Amino acid sequence: MEAKRSLLAIFLLLSFLSISTAAPTRKTRTRKPCKSMLFYFHDIIYNGHNAKNATSAIVGSPQWGNKTLLTGQNHFGDLVVFDDPITLDNNLHSKPVGRAQGFYIYDKKDIFTAWLGFSFVFNSTQHKGSINFAGADPLMNKTRDISVIGGTGDFFMARGVATLMTDAFEGEVYFRLRTDINLYECW
Amino acid sequence: MEAKRSLLAIFLLLSFLSISTAAPTRKTRTRKPCKSMLFYFHDIIYNGHNAKNATSAIVGSPQWGNKTLLTGQNHFGDLVVFDDPITLDNNLHSKPVGRAQGFYIYDKKDIFTAWLGFSFVFNSTQHKGSINFAGADPLMNKTRDISVIGGTGDFFMARGVATLMTDAFEGEVYFRLRTDINLYECW
Amino acid sequence: MEAKRSLLAIFLLLSFLSISTAAPTRKTRTRKPCKSMLFYFHDIIYNGHNAKNATSAIVGSPQWGNKTLLTGQNHFGDLVVFDDPITLDNNLHSKPVGRAQGFYIYDKKDIFTAWLGFSFVFNSTQHKGSINFAGADPLMNKTRDISVIGGTGDFFMARGVATLMTDAFEGEVYFRLRTDINLYECW
């Protein structure tokens, strides 16, 4: 009798367990990051006079634009390529821990907004590998979320969300982005 | 005796269960979307005469091209930046529910084909957040699949497939894309 | 007595099992690929004289550059669009099995480095569908890892890492990339 009851109890348990494992990828996801990191990167746009210091340059522009001056209409149509130093604090002169490499395109006439495709590339004792990003960057918002779409090396197969915040903006030559990276898939 | 038999049965069940849970990320995935959405977006390319209405512009072109006219050879080499209204139906004049922002590059000489990198950006009571896309768009196919590579806000960490269909194509100035989004990873 | 003992044993087993399934997306991930593939693709850059054979063209360049010659300073700022044949071996004249379509942007002044966004597009009896890639390509490294950010058709929802290796580099017109694709998410 007791054996039968225990058997029943176990079957019930098993049924419950098998239901809860049926769609594990859907039910067990938590929004708690598996890794969080904070970086800053620094962009100095080429303006015709700063070839030595510049870390980025306009390489595409609309018919009415040119390549030494960001165009009017909120820079709509300007394509900028960059290779920016990444630092751990907000000081341009701190020792870089990696490079932010890729592009942004200003894509709206009414307000500042850009589309970003870039990577953080690390090759130090602390981090080796890359984190790849893509997404819309509505610059005028205090914070903007873009996607971490993949990673390699230390960041193998990473996915997550990065929150960008403009930490400084000087003239139309220098800006600094605070980047809070939260990974939700770590391997 | 009965207890022993039940024990055996349970061990068999457990073995089976543990096998089926050993690689859950691989075996339990279904191709049933966790979220499906349908949108249209509308692209009006700048042609030198329509600055007011245009939602996109050529910002890169090959040596033989220019920026007010899509080039010959199936526009090979033209890079177009866009900020297009998204609507729920196929009417250009319907109230936009968001913006499609990013770029496409025509990348083939023999037929129309482009590579797309863009986002759907929503900021309404219905949807807040963004969906990021990337992929090849062989325009001449009736339907084309691209990847949903990430998302933020309401679409946090989304992954999936979007099916594009050219819903209208007028002159070389206006086209409308029907976009069926199917997410297979929802958080 | 025996029934009680077996009950206890089973509860212990179940507890263990339920712990091991609690966070399956995090704990059960293995770095063993679910699919591995090897391809080569071949890029012939337009240089003003090879329009017939060229598979790619410069469509963006910095202020000091032009579109028939890769610029100095390690091509910094050159944006190249491509539609390259994919082959199974390293012979340019082998029958193509698909096309590599997308773009790269040289993004560093000091050394050769590019950012890549592209797709492998297949439409044969062997493979139908596309694989989408993004990432940094520090060309001077023997091998470079980029991300597989999605896929469609036969490669539905794929994620993984692709390892690029420069297999040939002739003048500044032709290069061939060996591409080892390892998928870690297969659906």
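Only a predicted model underlies this, so the values are computations on that prediction, with no experimental measurement involved.

Take the overall build of chain A next. Scanning chain A for helices and strands turns up 2 helices and 9 strands. The secondary structure elements of chain A, listed N-terminal to C-terminal, are α-α-β-β-β-β-β-β-β-β-β. The buried share among the 187 residues of chain A stands at 56%. When the accessible surface of chain A is totalled, it reaches about 7900 Å², and 56% of it is carbon and sulfur.

Before going further, it helps to spend a moment on the pattern of salt bridges. One pass over the full model with this rule turns up 21 salt bridges over all chains. When the shortest N-O distance is used, the salt bridge between A:Asp83 and C:Lys108 registers 3.1 Å. Taken together, the positions of A:Asp83 in strand S3 (residues 79–87) and C:Lys108 in the loop between strand S4 (98–106) and strand S5 (114–123) put the pair across two chains. Residue classification places A:Asp83 among the buried positions, given a relative accessible area of 5%. The residue A:Asp167 makes a salt bridge to A:Arg176 at a minimum N-O spacing of 2.8 Å. Here A:Asp167 falls in the partly exposed class, since its relative accessible area comes to 30%. It is possible to trace a salt-bridge network through shared partners that takes in A:Arg159, A:Glu185, B:Arg159, B:Glu185, C:Arg159 and C:Glu185.

Glancing now at the nonpolar core. Counting 39 residues, the largest nonpolar core has A:Leu79, A:Phe103, B:Leu79, B:Phe103, C:Leu79 and C:Phe103 as the members making the most contacts within it. Leaving out residues up to four positions away in the same chain, B:Leu79 has contacts with A:Leu79, B:Ala57, B:Ile58, B:Val59, B:Gly60, B:Phe103, B:Tyr104, B:Ile105 and C:Leu79.

Once that is clear, we can look at the side chain of A:Asp137. As for its placement among the helices and strands, A:Asp137 is situated in strand S6 (residues 128–137). In this structure, A:Asp137 is in contact with A:Thr113, A:Ala114, A:Leu116, A:Arg144 and A:Leu164, ignoring residues within four places of it in sequence.

Residues and elements named next belong to chain B. Where burial is concerned, most of strand S7 (residues 144–153) is hidden: 8 out of the 10 residues are buried. Taken together, the 6 bridges between strand S6 (residues 128–137) and S7 define a ladder with antiparallel strand orientation. Looking at S7, one finds that alanine 134 is bridged to serine 147. One ladder, built from 5 bridges, connects S7 with strand S8 (residues 159–170); its direction is antiparallel.

All names here are of chain A. According to the stated counting rule, one finds 3 disulfides over all chains in the structure shown. In this model cysteine 34 forms its disulfide with cysteine 186; the gap between the sulfur atoms is 2.0 Å. Here the disulfide of cysteine 34 and cysteine 186 is right-handed, its torsion about the S-S bond being about 90 degrees. In this pair, cysteine 34 sits in the loop between helix H2 (24–27) and strand S1 (35–44) while cysteine 186 sits in the segment after strand S9 (174–185), placing the two residues 152 residues apart along the sequence.

Further remarks concern the packing of aromatic side chains. One pass over the full model with this rule turns up 67 aromatic pairs over all chains. A centroid spacing of 5.6 Å and a plane angle of 70 degrees characterise the contact between A:Trp115 and B:Phe103, whose relative ring orientation is edge-to-face. Of this pair, A:Trp115 sits in strand S5 (residues 114–123) while B:Phe103 sits in strand S4 (residues 98–106), which puts the two residues in different chains. Accessibility classification places A:Trp115 together with B:Phe103 in one group, the buried group. Aromatic side chains B:Tyr184 and C:Trp187 sit 6.4 Å apart centroid to centroid with 70 degrees between the ring planes, which places their arrangement in the edge-to-face category. Remark: C:Trp187 occurs in the segment after strand S9 (174–185) and B:Tyr184 occurs in strand S9 (residues 174–185); the pair is interchain, linking two chains. By relative accessible area, B:Tyr184 is classed as buried at 11%. Using a relative accessible area of 22% as the deciding quantity, one classes C:Trp187 as partly exposed. Among the aromatic residues, those joined into a cluster by ring pairs are A:Phe39, A:Phe41, A:Phe82, A:Tyr104, A:Tyr106, A:Phe112, A:Phe118, A:Phe120, A:Phe122, A:Phe133, A:Phe155 and A:Phe175.

Conventions adopted
Residues numbered from 1 in each chain as written. Chains lettered and ligands numbered in written order. Predicted model: local features only at pLDDT ≥ 70, side-chain atom pairs only at ≥ 80, totals over all residues. Heavy atoms only, no water. Helix = DSSP H or I, 4+ residues; strand = E, 2+ residues; numbered from the N terminus. Buried < 20%, exposed > 50% of the residue type's maximum accessible area, 1.4 Å probe, protein only. Areas by Shrake-Rupley, 256 points an atom, 1.4 Å probe, with all protein chains shown as cover. Salt bridge = Lys/Arg side-chain N within 4 Å of Asp/Glu carboxyl O. Core = buried A, V, L, I, M, F, W, Y, C linked by side-chain atoms within 4.5 Å. Contact = heavy atoms within 4.5 Å. Pairing = 2+ DSSP bridges. Disulfide = S-S within 2.5 Å. Phe/Tyr/Trp six-rings, centres within 6.5 Å; stacked < 30°, edge-to-face > 60°.

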